Structures are given as structure tokens and as C-alpha cells.
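Structural features, examined
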Amino acid sequence: LLAEASRLLSEFSHQLGVALAPELGAGILQGLDLLPVQGPRVLLVLTLRGGLVRTLGIELESPLDRGELAEVARVFRERLLGLRMDRVRERMAHDPELVRDSALRLVARALLERWQAPATQDLFAAGASHIAEQPEFAAHHVLASLLRMTESGSGLDRILLGGVEGYPAVRVGMEESGALSRCSLVSYRLPGSQRGAVGVLGPMRMDYAQVLGLVDAVGRRVADLL
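This structure is a prediction, so every number in the text was calculated from the model and none was measured.

1. Side note on helix α4 (residues 102-114)
For α4, which comprises 13 residues, the first-to-last C-alpha distance of 18 Å matches the rise-based estimate of 18 Å (1.5 Å per residue) to within 8%. Buried within α4 we find A103, L104, L106, V107, A108, A110 and L111. In the core, the buried residues of α4 are packed alongside β2 (29-38), β3 (41-48), β4 (53-59), α2 (66-80) and α3 (85-94). One side-chain oxygen of the residue at the start of α4 lies 3.2 Å from the amide nitrogen of A103, identifying that residue as D101.

2. Thoughts on the pattern of salt bridges
Pairing between side chains becomes possible if they bear opposite charge and their charged atoms approach one another. All told, the structure shown has 13 salt bridges when counted by the stated rule. A salt bridge links E11 to R7; the nearest nitrogen and oxygen atoms lie 2.6 Å apart. Separated by 4 residues within a single helix, E11 and R7 lie in helix α1 (residues 2-13), roughly one turn from each other. Residues participating in the shared-partner salt-bridge network are E4, R7 and E11.

3. Overview of a nonpolar patch on the surface
A grouping of L1, L225 and L226 is seen on the molecular surface, where their side chains present a nonpolar patch of about 270 Å² in accessible area. For L226, the location among the structural elements is in the segment after α8 (208-225).

4. Looking at the sheet that holds strand β5 (residues 123-126)
Spatial ordering of the open sheet is given by β5-β1-β8-β7-β6, a layout of 5 strands whose pairing is antiparallel. Looking along the sheet, the strands with just one partner apiece sit at the ends: β5 and β6 (168-172). The average undirected angle you get between the axes of adjacent strands in this sheet is 20°. Here 5 bridges tie β6 to strand β7 (residues 183-189), and the two strands are oriented antiparallel to one another. Bridge pairing links A169 to S187 in β7.

5. Some points on the sheet that holds β3
Read from one edge of the open sheet, 3 strands run β2-β3-β4, paired in antiparallel fashion. Only two strands of the sheet have a single partner each, and these edge strands are β2 and β4. Between one strand axis and the next, the sheet turns by 20° as a mean value, whatever way the strands run. Where β2 meets β3, 8 bridges bridge the pair, whose relative direction is antiparallel. Within β3, the position partnered with D33 by the bridge is V45.

6. Comments concerning the packing of α3 against α4
Here α3 crosses α4 at 135°, and the two axes come no closer than 10 Å. Considering the angle they form, α3 stands oblique to α4. When you trace α3 past α4, the crossing you get is left-handed. Here α3 contributes R89, M92 and A93 to the contact with α4, which in turn contributes A108, L111 and L112.

7. Here's the deal with the environment of V37
With respect to the secondary-structure elements, V37 resides in strand β2. Through-space distance from the C-alpha of V37 to that of F76 is 19 Å; in sequence the pair is 39 residues apart. Contacts of V37, omitting those with residues within four sequence positions, involve V42 and L43.

8. So, the confidence of the model for the protein
Chain-level pLDDT for the protein is 87 on average; 93% of the residues reach the 70-or-more range. Highest mean pLDDT in the protein belongs to α1 (95); lowest belongs to helix α6 (residues 140-152) (84).

9. Considering the nonpolar core
Nonpolar side chains tend to gather and get buried jointly when the protein is soluble and globular. L34, F76, L80 and V107 are the most contacted members of the largest nonpolar core, which totals 31 residues. Every element with two or more residues in this core is listed here: β2, β3, β4, α2, α3 and α4. Ranked by the residues each element gives to this core, the list is headed by α4, at 7 residues. Apart from the residues lying within four places of it in its own chain, the contact partners of F76 are L32, L34, L81, L98, L104, V107, A108 and L111.

10. Some points on α1
For α1, which comprises 12 residues, the first-to-last C-alpha distance of 16 Å matches the rise-based estimate of 16 Å (1.5 Å per residue) to within 8%. The set of residues buried in α1 consists of L2, A5, S6, L9, S10 and S13. Projected onto a plane normal to the axis of α1, the buried residues spread over an arc of 130° and lie on a single side. In the stretch just after α1, H14 is the one whose phi turns positive, near 60°.

Definitions and cut-offs
Within any chain, residue numbers begin from 1 and follow the written order of that chain's sequence. Confidence filtering applies because this is a predicted model: local features only for residues at pLDDT of at least 70, side-chain atom pairs given and counted only at 80 or more, and all residues used for totals across whole chains, interfaces and linings. Excluding hydrogens and water, the side-chain values take into account all heavy atoms of the structure. Strands are runs of DSSP state E lasting at least two residues, helices are runs of H or I lasting at least four, and both sets are numbered from the N terminus onward. Here, expected helix span is obtained from the residue count minus one, scaled by 1.5 Å. Three exposure classes are used, based on accessible area relative to the maximum for each residue type with a 1.4 Å probe and protein chains only: buried under 20%, partly exposed in between, and exposed over 50%. Residues are treated as being in contact if the distance between any of their heavy atoms lies within 4.5 Å. Here a polar contact is taken to be a pair of N or O atoms separated by no more than 3.5 Å, where protein atoms must pair a possible hydrogen donor with a possible acceptor and residues adjacent in sequence count only if both atoms sit in side chains. We count a salt bridge whenever a side-chain nitrogen from Lys or Arg sits within 4 Å of a carboxyl oxygen from Asp or Glu. Residues qualify for a patch when their relative accessible area is over 30% and they have no salt bridge, like charges being joined within 9 Å and the nonpolar side chains of Val, Leu, Ile, Met, Phe, Trp and Tyr within 5 Å. Each accessible area is a Shrake-Rupley estimate made with a 1.4 Å probe; only the visible protein chains count as cover when residues are assessed. Strand pairing is assigned whenever DSSP detects at least two bridges linking the two strands. Inter-axis angles, ranging from 0 to 180 degrees, are taken between N-to-C directions of lines fitted to C-alpha atoms, where helices are fitted over the stretch in contact. An angle counts as roughly parallel when it lies under 35 degrees, as roughly antiparallel when it exceeds 145, as roughly perpendicular when it falls between 65 and 115, and as oblique in every other case. By definition, turning the near helix anticlockwise from the far helix through less than a right angle yields a left-handed crossing, and turning it clockwise yields a right-handed one. Summary of the metric used: pLDDT quantifies the predictor's per-residue confidence within the range 0 to 100. We define the nonpolar core as a collection of buried residues of types Ala, Val, Leu, Ile, Met, Phe, Trp, Tyr and Cys that are connected through side-chain atoms lying within 4.5 Å of one another. The arc in question is the one spanned by the directions pointing from the helix axis to the C-beta atoms.

Okay, structure coming up:
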């Protein structure tokens, strides 16, 4: 959804569309289910406070029937619900109650192998070709510096989250020097417990009225869907 939001923002603004996924590591786990897919393949469904859902496909060493998976999910819910996501994996790795029988051990081991680290915040960006056509970024080193920042998300994620929830915000010339010194950012911080945002990054001469309306409309729609 957020990848598509960044693409649409870029397409309609002819600038760089950006979207910051909610930080799942800070989310509170409120629901957990294990669903059989085929053979040893299982789908883990995690529901976070605020309604955000994360799925993770895993493959067990040997298949479990639906009843066994339901019992494993029940024990996981008893031990994991109410924890922050960045604590869930830690508890799963060290709680003896989660490995007390073979079915629990089987699922816990597969999950820990598949889920290598707590979920982090992802930055989606689209429209590099649009930004490359802007005269402010004609110099190779200026464009390269900006694209490196959007790829890593370093610094830009913090700026995207700096506005008021549910309202578009404008920032102009966000650094005295560096990748963002020639840029403006129009962003919309998604409301709710999960911190995410969408926005448009472009030159300081951008059409602010048009971009503000665009970011506001896309931000509200994304918030509704999430």
C-alpha cells in the first residue's frame, strides 16, 4: 500500500514520492494466528494495536494439523500478547513455555529462523527519474547524495514524522548544507499509534498549493485503509 502511495505521489506531482511504513517494532501485539497453507507451510498473522496486520510465511520441518497449529497459537497468545513487537522475538527465543512440547518447538524454531530481527521502519521512494530532470539536481554529486538518503532513509524518516498527525506539513531547505539543502518536503503524518507518513520531496520552487492538496488526499486515504 505504501509503495503504491509513493508511486502515485510521484506520478501526480512529478517529484519524488516518499512513504514511511509504520514502525512495527514499537507496535503492541494484540492478535496472533497460525494458518496452514500447504504441507509444512504455515502463515503467521500478527495483529497490532490500531488494526495493523503483518504476515510472515514459514516452513516447518514437518507438517502440523490444524488442531496442533491452533494449540500452538493459543500458547503463543498467552505468552506474547500485550508485548511490543521488538520484545516478541526476544520472548520467543527465551521463554521455556514456548518450547515445552514438540509442536511448540517446531514452530518457534521455524519462526526464529525466518524472523531474523525485529521489524524496522521501511522508507519507500518513487520518481527518481522526475527528480533527476530538475535543474537543482543536475550535478551528479547532488543527485547522488539525495538518492542515497532516500535509499537509506537516514534522517529523512525523522523529518517525515515531524508534523502533526493527520495534517499536511511543509519544510523548506531542511539542511544548511547537504542532500536536503535545496529541497522542500510536503508530508502527512499518519494518525494513530503506528508512526508512519507519506510525502513529496522536490525543489524549493515546487507548486506548494497543488502538492499540499495531493499529499493531504493521499495521506487521508492511506490512513483510512490502514
